[in-house]
Amino acid sequence: MKSLSGSEKKYRKPLWTKAFLITSLSNLLLFFSFQMLIPTIPTHISQLGGNDVQVGLVIGIFTISSLLTRPFAGRALDLLGRKHVLLVGLAICTLTIAGYSYMAVITLILAARFVHGIGWGISTTSLGTVIADIIPPERRGEGMGYYGLSNTFAMALAPLTGLWILQQYGFHRVLLISTILALLSLFSSLFIPYPNPVRVEKPAQRPKLIDRLWERTALLPSALLLFTAICYGGIVTFITLFGHEAGISNVGWFFLCNASMVLVVRPITGVLFDRKGPEWVLLPGALFTITGLLLLSYAHSELSLAIAALCYGIGFGSIQPALQAWTIARAAPNRRGAANGTFFSANDLGIGLGAMVLGALANVSDSYALMYRFSTVLIFIFLLIYGWSFWHVRRRVPLAQK
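Sequence positions are assigned chain by chain, starting from 1 and proceeding in written order. In keeping with the predicted nature of the model, local features appear solely for residues at pLDDT of at least 70, side-chain atom pairs appear and are counted solely at 80 or more, and the whole-chain, interface and lining totals rest on all residues. Hydrogens and water molecules were not included; the side-chain quantities draw on all heavy atoms of the structure.

1. Considerations on the overall build of the protein
A run of H or I in DSSP counts as a helix once it spans at least four residues, and a run of E counts as a strand once it spans at least two, with each numbered from the N terminus. Across its full length, the protein carries 14 helices and zero strands. Going from the N terminus to the C terminus, the protein shows its helices and strands as α-α-α-α-α-α-α-α-α-α-α-α-α-α. The burial tally for the protein puts 51% of its 402 residues in the buried class. Any pair of residues with heavy atoms lying within 4.5 Å of one another is described as a contacting pair. Restricting the contact set of the protein to residue pairs at least 6 apart, pairs at least 24 apart contribute 86%. Of the roughly 19300 Å² of accessible surface on the protein, 68% is carried by carbon and sulfur atoms. When accessible area is computed with a 1.4 Å probe and restricted to protein chains, residues below 20% of their type maximum are described as buried, those above 50% as exposed, and intermediate ones as partly exposed. Shrake-Rupley sampling with a 1.4 Å probe provides the accessible areas, and residues are treated as covered by the protein chains on show and by no other component.

2. Quick notes on the pattern of salt bridges
By definition, a salt bridge exists where a carboxyl oxygen of Asp or Glu is found within 4 Å of a side-chain nitrogen of Lys or Arg. Throughout the structure, instances matching the rule amount to five salt bridges. Note that R70 and D348 form a salt bridge whose closest N and O atoms lie 2.6 Å from each other. On the criterion of sequence distance, the pair formed by R70 in helix α3 (residues 52-80) and D348 in helix α13 (residues 336-365) is long-range, its members being 278 residues apart. For R70, a relative accessible area of 2% puts it in the buried group. A relative accessible area of 9% places D348 in the buried class.

3. Section: a nonpolar patch on the surface
Together, I64, L68, F114 and V115 line one region of the surface with nonpolar side chains, adding up to about 350 Å² of accessible area. When residues of the nonpolar patch are traced back to their parent elements, those giving at least two are α3 and α5 (106-134). One can find I64 in helix α3. Each patch groups residues whose relative accessible area exceeds 30% and which form no salt bridge, using 9 Å between like charges and 5 Å between nonpolar side chains of Val, Leu, Ile, Met, Phe, Trp and Tyr.

4. Describing the confidence of the model for the protein
Confidence along the protein averages 85 in pLDDT terms, with 90% of residues attaining 70 or more. Here helix α8 (residues 209-213) stands out as the least confident element of the protein, with mean pLDDT 56; helix α7 (residues 171-189) is the most confident, with 96. Per-residue confidence from the predictor is given as pLDDT, running between 0 and 100. Per-residue pLDDT stays below 50 along residues 1-9; that stretch engages in two contacts with residues further than four places along the chain or on separate chains. Scored below 50 in pLDDT, residues 398-402 makes zero contacts in the model with residues more than four places away or belonging to other chains.

5. Here we look at helix α1 (residues 18-37)
For a helix, the expected span equals 1.5 Å multiplied by the number of residues minus one. Along its 20 residues, α1 runs 29 Å from first to last C-alpha, staying within 8% of the 28 Å computed at 1.5 Å per residue. Burial runs high along α1: 16 of the 20 residues are buried.

6. Some points on the nonpolar core
Grouped together as the largest cluster of nonpolar side chains are 96 residues, with contacts concentrated most on F242, L296, L305 and L323. Per-element tally for this core: the top contributor is helix α12 (residues 302-330), with 12 residues. Not counting residues within four places of it along the chain, the set of residues in contact with F242 comprises I248, L296, S297, A299, L305, Y368, A369 and Y372. By nonpolar core is meant a set of buried Ala, Val, Leu, Ile, Met, Phe, Trp, Tyr and Cys residues that side-chain atoms within 4.5 Å join together.

7. Overview of the side chain of E142
With respect to the helices and strands, the residue E142 is situated in helix α6 (residues 140-169). The exposure class of E142 is buried, given its relative accessible area of 9%. Beyond its immediate sequence surroundings of up to four residues, E142 is in contact with R12, L15, G270, V271 and D274.

8. Re the environment of L256
Here L256 lies in helix α10 (residues 252-276). When the C-alpha positions of L256 and G313 are compared, they lie 9.9 Å apart, and in sequence the two are 57 residues distant.

9. Side note on the environment of I351
Here I351 is to be found in helix α13. For I351 and G233, which are 118 residues apart along the polypeptide, the C-alpha to C-alpha distance reads 4.1 Å. Not counting the four nearest positions on each side in its chain, I351 is found in contact with A229, I230, Y232 and G233.

10. Some thoughts on the packing of α6 against α10
An axis is simply a line fitted to the C-alpha atoms; with a helix, the fit covers only the stretch in contact. Between two such axes, the angle follows the N-to-C directions and lies from 0 to 180 degrees. Following both chains from N to C, one finds α6 and α10 inclined at 170°, their axes separated by 7 Å at the closest point. Taken together, α6 and α10 sit at an angle that is classed as roughly antiparallel. Contacts between α6 and α10 involve R140, G141, E142, G145, Y146, G148, L149, T152, F153 and A156 on the former and, on the latter, A259, V262, L263, R266, P267, G270, V271, F273 and D274. Only Asp, Glu, Lys and Arg are considered charged, only Ala, Val, Leu, Ile, Met, Phe, Trp, Tyr, Cys and Pro nonpolar, and every remaining residue, Gly among them, polar. Looking at the contact of α6 with α10 residue by residue, the classes come out as 10 nonpolar, five polar and four charged. Note on angle classes: values under 35 degrees are labelled roughly parallel, values over 145 roughly antiparallel, values of 65 to 115 roughly perpendicular, and the remainder oblique.

11. With respect to the side chain of R140
You can see R140 is positioned in helix α6. Asp and Glu are treated as the negative residues and Lys and Arg as the positive ones, with His and the ends of the chain left uncounted. D274 is the oppositely charged side chain nearest to the buried, salt-bridge-free R140, at an N-O distance of 7.3 Å. Discounting chain neighbours no more than four positions away, the residues touching R140 are A132, I135, D274, A325, I328, A329 and R336.

12. Side note on the packing of aromatic side chains
Two aromatic rings from Phe, Tyr or Trp, using only the six-membered ring of Trp, form a pair when their centres are within 6.5 Å; if the ring planes differ by under 30 degrees the pair is stacked, by over 60 it is edge-to-face, and anything between is tilted. This structure, assessed with the given rule, holds 17 aromatic pairs. Their ring planes at 80° and their centres at 5.6 Å tell us that F343 and F344 sit as a pair that is edge-to-face. Comparing F343 with F344, the two get one shared label, buried. Ring-pair connections join several aromatic residues into one group, and the members of that group are Y232, F254, F255, Y312 and F316. Over the face of the ring belonging to W280 we find K276, whose NZ or CZ atom lies 5.2 Å from the ring centre. Two thresholds decide whether a charge sits over a ring: the Lys NZ or Arg CZ must be within 6 Å of the ring centre and within 35 degrees of the ring normal.

So this is what it looks like as structure tokens:
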């Protein structure tokens, strides 16, 4: 039997390694723990007598502290290594969630949310960097797609699980289970076979502070993520109020259908990213996102809401992991921590801006439907920026080959 030569048989490095599976499991446990608290902590604040401003601060303070932490977490990952930074972040998350049980004063809970946001910013930036080290470069899009499914699975089931536990057993039982999940995430991360850090020569001149905290190669994909995150922030913040405006009783169908489509599309678009490049994923993904937002703005029944969610899920499920894979591909291995810090900061900032800017627009227009239609402008800007970048790079390639 004739054996295949190296040129006849291309070896592909395995994706489903022990390191990949354990890191994805740790991420799933952390996100499930976090997502259980999203709908339940605001309810608990209300039960303690908190007003709407204090309920909003529960989300806002967490987002701000996470946003401020990520650049420093990225820098620490590149300087100190992945394992110790990740363990510190997960320990902060676990201890803070456990501490909520002993806080009956809203002020203390708000302070704890700030600390929790620090732990969340460190943990998620660390896990994103660890998985980027583990995934083979030639399978980066596919790997990020599968890794992102752990986030999607948690987003689809954890809020419903948290609300059910809250209604059946109370808030302290929610905190107990959330703490156990965070602790399991910390425990599982101890068994990740962390790759050896990439050693580089120190530069002759000490880089500026902004270059140490932010990664310049990540700015373009992070800017594109910012626009999509603003749209997503408008959806998760105001979809319930939009349902009241449109006469749709159960807006939960949107999240279920959106998450289901993300689960389906991410592995497919990941392979497409690796084989064809980011333009084959980002451009169709943007068009599906625009279509989903427009259909959402005209939805008047659960069926039309579900159709809008399916279209939006294709776009959202395509764009986010592709941008993350592109971010990692553009960064040097010793700068992946800073690149992930930049990338996730854009996501946090976008969701926060979506809640504030699009909320102000809805208040002025007195229509959530008009707000969603206007948000399509952000995706058109996404297309213009990426189109200009794509044309600029393609124009330079022939010149470089002459």
